[in-house]
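Geometric and topological summary
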2 protein chains.
Amino acid sequence: MTTRTTAELIEAALQRDPRAVARLISLVEDHDPSATSILATLFPRTGSAHVVGLTGAPGSGKSTLTDQLIRHVRSIGEEVGILAVDPSSPFTGGAILGDRIRMQDHIGDRGVYIRSMGSRGHLGGVAEATPKAIMILDAIGIPHVFVETVGVGQAEVEIVESADTTVVVVNPGWGDSVQANKAGLLEIGDIFVVNKADRDGVAEAVRDLEQMLDLGATRPWRPPVLATVATTGQGILSVWEAAQEHRAFLESTGRLIEIRSARLRQELHRAVIAEFMRRAEGTAENDRLFTLAAEVDARRLDPWTAARRLLDER
Amino acid sequence: MTTRTTAELIEAALQRDPRAVARLISLVEDHDPSATSILATLFPRTGSAHVVGLTGAPGSGKSTLTDQLIRHVRSIGEEVGILAVDPSSPFTGGAILGDRIRMQDHIGDRGVYIRSMGSRGHLGGVAEATPKAIMILDAIGIPHVFVETVGVGQAEVEIVESADTTVVVVNPGWGDSVQANKAGLLEIGDIFVVNKADRDGVAEAVRDLEQMLDLGATRPWRPPVLATVATTGQGILSVWEAAQEHRAFLESTGRLIEIRSARLRQELHRAVIAEFMRRAEGTAENDRLFTLAAEVDARRLDPWTAARRLLDER
């Protein structure tokens, strides 16, 4: 493959060349010099994709559910992008299990764009790169983007903030250890899925969730609680339909415009911090930071005063 | 109580006046103008306290274990500070259950300094405030500081990074949902405690952990796995002794100096970001940020180009 110019790459991506799409995502992820023009060129084209976040404890069958949703989207002849995010990898050093297998399933299907957003050294990296990857898929005209995260920690919540519609996947008999996350999950979920509905305790899990949802303040959108068996595809259609209903709800109430504005403001906020740190790391400020760090290390200067000094000197 | 000057407050805190200590922590947490001089005055006095982080799933009995450790520390006539951190509160809106009860237990005991680090609006707030609170307790001469966090998400891991010694509390039969955290937990734990050792499955849980610890790369410190019944105090002494051994290990190998230097560098890094954002929010830059945000909202300008423009104009 000959090296293509940025403009050629963008053109190819707009023609749905999967390698070009993958390359664009890599370039923005890596802060390549061309990232600037890629983002500037593609950003005005964004705002059409429906971004669906899928989150839940590892082992909940979230990936299988996502796979079934992909199959459904393809069966109705539409294209879909999938970002599989694993922010925990700084600790495990591992990639998402099964992801290769899933990719192989869809090799040759040019209507499916799967991308693993592994951590590149630090957590902020994933949180920063994911919205950019969504933006690229959105800009080239992919109508559905699924963002699948592992776990339900703060990082996952942040990433799910990129979604228009958030699907929370739980299992029957989800234990004590998840109890504490319930409150958080209840607030982020637009759709709740009790997966592995062929096991015991489904009715209880559904009732438990329904009751908790009813306990809270009345909200304009009451999240449905759906039971699925992702391995067989049972219930998948209802999840898909609920996602479409939620999207329609967001559009008809003007909520979609609101949440997208809020998201862009937050993205700008994050971009300012990231850009500031990148500049500080590559300049004379870095030398000054180094000197101040030595003072802090010797406990002659506290970190907070050091930070103020660094910024005063700019 | 008459209003005291900052110098008087610091003096009173150094004399172990608990109200003065609490007030100093509040002032730095709230970014009061006096925070600057408080931190500058106290920081050079830091570096002596042994900071022990305690983490684990909610319901693991972590608080009861901490309570028993407090009792032990008091029984040997030493002072102790406890920071109870609950970063999940932006979602739940709740405080740490049982905390008031625990506080009441120790009311009148001037050797125990308990502080709830509730979230003040956003997560960064807790992560930013906790190291400062540790610093104040350290500076006034409290030899043992326990930092207890709820849950095992990224925020908790960040806060546990403030600790010299990290105790991970699990229970017999910890379920599938925690499995995925195991890798992360294995890396952050210096001591593993299987609490509720009066239940079934203790031997299995201990063996499970021991095996996983042995699977990993050989490390200079092999974390011990201890069984406790926190409600009765069984095994608490061995946890305490393990913490002291770990501290001695860190000192004798020079690791303590290394990790504290790394921690201060990270604290400086965080302080620079926090200070930068605080400045941007209160100045002409904020107006500019507002204008740029409107451009982004109209999708005429991407957030990343907007961030660069803002910083170019400084």
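Coordinates for the structure precede this section.
As the structure is a computational prediction, the values presented were derived from the model and not from experiment. (Residues numbered from 1 in each chain as written. Chains lettered and ligands numbered in written order. Predicted model: local features only at pLDDT ≥ 70, side-chain atom pairs only at ≥ 80, totals over all residues. Heavy atoms only, no water.)

**What about the overall build of chain A?**
Helix and strand counts for chain A stand at 14 helices and 7 strands. Going through the 314 residues of chain A one by one, you find that 54% of them count as buried. For chain A, the share of sequence-separated contacts (at least 6 apart) that also reach a separation of at least 24 residues comes to 73%. For chain A, the computed accessible surface area is about 13600 Å², with 52% contributed by carbon and sulfur atoms. (Helix = DSSP H or I, 4+ residues; strand = E, 2+ residues; numbered from the N terminus. Buried < 20%, exposed > 50% of the residue type's maximum accessible area, 1.4 Å probe, protein only. Contact = heavy atoms within 4.5 Å. Areas by Shrake-Rupley, 256 points an atom, 1.4 Å probe, with all protein chains shown as cover.)

**Examining the pattern of salt bridges**
Going through the model one piece at a time under the given rule, you end up with 22 salt bridges over all chains. One salt bridge in this structure joins B:E210 and B:R222, with 2.6 Å as the shortest N-O distance. Placement of the pair is B:E210 in helix α10 (residues 202-215) and B:R222 in the loop between α10 and β7 (225-228), with a sequence separation of 12 residues. Notably, a salt bridge pairs B:R300 with B:E295, separated by 3.0 Å at the nearest N-O pair. Via salt bridges that share partners, A:D164, A:R260 and A:R263 belong to a single interconnected network. (Salt bridge = Lys/Arg side-chain N within 4 Å of Asp/Glu carboxyl O.)

**Regarding the packing of helix α1 (residues 6-14) of chain A against helix α3 (residues 35-42) of chain A**
Residue and element names in this part refer to chain A. In the contact formed by α1 and α3, the axes pass within 10 Å of each other and the chain directions differ by 40°. Classified by the angle their axes make, α1 and α3 are oblique. Considering only the axes of α1 and α3, their crossing is right-handed. Along the contact surface, α1 presents T6, I10 and L14, while α3 presents S37, I38, T41 and L42. Partitioning the contact of α1 with α3 into residue classes produces 4 nonpolar, 3 polar and no charged. (Axes fitted to C-alpha atoms, helices over the stretch in contact; angles between N-to-C directions. Parallel < 35°, antiparallel > 145°, perpendicular 65-115°, else oblique. Left-handed = near helix turned anticlockwise from the far one by under 90°. Nonpolar A, V, L, I, M, F, W, Y, C, P; charged D, E, K, R; others polar.)

**Comments concerning the nonpolar core**
Grouped together as the largest cluster of nonpolar side chains are 100 residues, with contacts concentrated most on A:L42, A:V145, B:L42 and B:I136. Filtering out sequence-adjacent residues up to four positions away, B:L42 remains in contact with B:I10, B:L14, B:L24, B:M135, B:I136 and B:A139. (Core = buried A, V, L, I, M, F, W, Y, C linked by side-chain atoms within 4.5 Å.)

**Focus on the packing of helix α11 (residues 236-252) of chain A against helix α12 (residues 255-281) of chain A**
Residues and elements named next belong to chain A. Orientation of α11 relative to α12, taken along the N-to-C sense of each, is 90°, at an axis distance of 5 Å. One way to sum up the angle between α11 and α12 is to call them roughly perpendicular. On the side of α11, the interface is formed by R247, L250 and E251, while α12 contributes R255, L256, I259 and R260. Its residues assigned to classes, the contact of α11 with α12 comprises 3 nonpolar, no polar and 4 charged.

**A short note on helix α10 (residues 202-215) of chain A**
All names here are of chain A. Here α10 contains 14 residues, and its C-alpha end-to-end distance of 20 Å stays within 8% of the 20 Å for a straight helix at 1.5 Å per residue. Within the sequence span of α10, burial applies to V202, A205, V206, L209 and L213. For α10, the angular spread of the buried residues around the axis is 95°, confining them to a single face. Opposite the packed face of α10, turned more than 90 degrees from it, sit the exposed residues A203, D214 and L215. (Expected span 1.5 Å × (residues − 1). Arc of directions from axis to C-beta.)

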